[in-house]
Amino acid sequence: MQTYKMFIDGKWEDAANGDTFETKNPFNGQTWAAIPKGGREDAERAVEAAHRAFTSGPWPKLTASARGHLLRRLGDLIAEKAEHLATIEVTDNGKLINEMLFQLKYIPQWYYYFGGLADKIEGAVIPIDKADTFNFTRNEPLGVCVGITPWNSPLLLLAYKLAPALAAGNTFVAKPSEFTSASTLEFAKLVEQAGFPAGVFNVVTGFGADVGETLTTHKYVAKIAFTGSEGTGRKIGELAARNFKKVTLELGGKSPHIVFDDAEIDNAVNGVISGIFAATGQTCIAGSRLLVQRKIHDQFLEKIVNLAKTARMGDPLLTSTQVGPVTTPPQLEKILGYIDIAKGEGAECVLGGGRPDNAELSRGWFVEPTIFSGVRNDMRIAQEEVFGPVLAVIPFDSDEEAVHIANDTNYGLAAGFWTQDMRRILKVSAAIQAGTVWVNTYRVISYMSPLGGYKHSGIGRENGIASIQNYMQTKSVMIST
Ligand code: NAD
């Protein structure tokens, strides 16, 4: 079994009280690593180290270009280790090796992009309306930033936060999910190797209630960037507001996927299937509500059921596997619970609906790709985030009705629709309340394009040029001439 240490102030450390917790492989339920169970004391130590690194030492003296250079070197090291990091993530969260390789090979772009941006953030000279006064602005870093991440894409979601934060000159404390801490600790080795000064990047492993809340409330922390569930986001938002800490919250979704009757059907079938079943449904942007125009409803439903039926479940480390396990036993129970709720609500289960009947898979946390038809949008299966491979299919007649159903949810993270009509593309994309809208595609993500939620799906945007401002504050300097 592998044993990990935390990374605090440039040193590899056990938890102050020596405690550890086990991390298990979702494919076979076996414990494969021991992770330090950090607590309040460890979180405080990490924040203090980050504060020292921000206020003294070499980091604040580095030029923006030098910071950018370090970030680009880190990107190169991630690229070199992409396969190793992908394998660690698959072993920890059960996602498919193909998906994780694709993701890990793309992650360096965040460090290249924001590394390139570091020395291009300029202030302004303002011709103010006061005689004999010279006014200019400076963009300054915030200080210690905290990144709290969930278990589904640990290093990708860390990159959204860490790359702009360091480019802007902040220091950082990362707290990965207790279910998938190993890859962030492996990543810290690369930060060390890249040559960042001690204390600029720290990782504290442990649980939300102690490590997470200490980081969220510590007086030296200026900003919390969180990705996770709506409930935890609300708690963090409330705690942060008490001390006026800045927050970015990337939360859950119940994203609608709309298929109009003029769609290119085969493309739409593929888009809908990968939209819900990629990562076994455990993505915030999963297209978990499928709205199909009534004229093509039965034909479309038959096609997606037939395709989903052929998906090979199995070992996520095999490239031939198409559906892996879910990440944790509580998540498995939650998904099975929602399947029961949907049946109780009167939705018709037309595919899956339980754990697979297979001895090898019974060791891991597998649930079948599941499709419910005859869903009404007021059912819990259409309103609440399942975070699993469960699709709720809802018929509609007109464009207005489709948009009404799509928007009739507390969430607003993403949406997709399929049509060949350009007027409809313009009208529907404007009417949908979601941070990202895909048309005739789904799930495209770029470091250059803003990502974030309307309504309960969050506050703020990650990615794109503007996101570096999440990690900066503006000072106006007035000089008497
Ligand atoms: P979660 O909210 O349970 O945990 C996320 C992180 O918060 C973990 O590191 C956890 O330890 C920490 N945490 C828990 N309680 C805390 C507290 N009181 N204070 C501080 N930190 C605390 O989420 P999860 O189950 O790990 O992840 C699934 C959720 O993440 C889903 O809702 C999904 O939609 C969301 N998600 C959103 C995005 C996005 O970009 N919007 C991306 C991926 C996942």
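Residues numbered from 1 in each chain as written. Predicted model: local features only at pLDDT ≥ 70, side-chain atom pairs only at ≥ 80, totals over all residues. Heavy atoms only, no water.

Draft legend 1. Structural context of helix α3 (residues 82-93). Taking 1.5 Å of rise per residue, the twelve residues of α3 would be expected to cover 16 Å, and the 16 Å separating its terminal C-alpha atoms lies within 8% of that figure. Most of α3 sits inside the fold, with nine of its twelve residues counted as buried. For α3, every residue scored as buried is listed here: A82, L85, A86, I88, E89, V90, T91, D92 and N93. For α3, the secondary structure elements touched by its buried residues are β4 (20-24), β5 (31-36), α2 (64-80), α4 (97-106), α6 (154-167) and α7 (182-194). Backbone geometry just downstream of α3 places G94 in the positive-phi region, at approximately 80 degrees. (Helix = DSSP H or I, 4+ residues; strand = E, 2+ residues; numbered from the N terminus. Expected span 1.5 Å × (residues − 1). Buried < 20%, exposed > 50% of the residue type's maximum accessible area, 1.4 Å probe, protein only. Contact = heavy atoms within 4.5 Å.)

Draft legend 2. Broad picture of the site of the ligand. Looking at the ligand, there are 28 residues lining it, with E178, S229, T232, L251 and E385 nearest. Between the ligand and G228, the relevant distance is 3.3 Å, taken from an oxygen atom to a main-chain nitrogen or oxygen of the residue. At a separation of 2.6 Å, an oxygen atom of the ligand approaches a polar side-chain atom of E385. Relative to its unbound accessible area of 860 Å², the ligand is 90% covered by the protein chains. Broken down by secondary-structure element, the contributors of at least two residues to the shell around the ligand are α8 (208-217), β11 (221-227) and α9 (230-242). For the shell around the ligand, the leading source of residues is α8, giving four residues. Classifying every residue of the shell around the ligand gives eleven nonpolar, eleven polar and six charged. (Near = heavy atom within 4 Å. Polar contact = N/O pair within 3.5 Å; in protein donor to acceptor, adjacent residues only side chain to side chain. Areas by Shrake-Rupley, 256 points an atom, 1.4 Å probe, with all protein chains shown as cover. Nonpolar A, V, L, I, M, F, W, Y, C, P; charged D, E, K, R; others polar.)

Draft legend 3. Main features of the pattern of salt bridges. Under the criterion given, the structure shown has 21 salt bridges. A salt bridge links D9 to R52; the shortest N-O distance between them is 3.0 Å. Separated by 43 residues along the polypeptide, D9 in the loop between β2 (6-8) and β3 (11-13) and R52 in helix α1 (residues 40-55) bring together distant segments of the chain. Judged by relative accessible area, R52 falls into the partly exposed class, the value being 43%. Across the salt bridge formed by K295 and D261, the nearest N and O atoms sit 3.9 Å from each other. In this pair, K295 sits in helix α11 (residues 294-309) while D261 sits in the loop between β13 (256-259) and α10 (265-277), placing the two residues 34 residues apart along the sequence. With a relative accessible area of 71%, K295 lands in the exposed category. (Salt bridge = Lys/Arg side-chain N within 4 Å of Asp/Glu carboxyl O.)

Worth remembering: the numbers are spatial, not functional.
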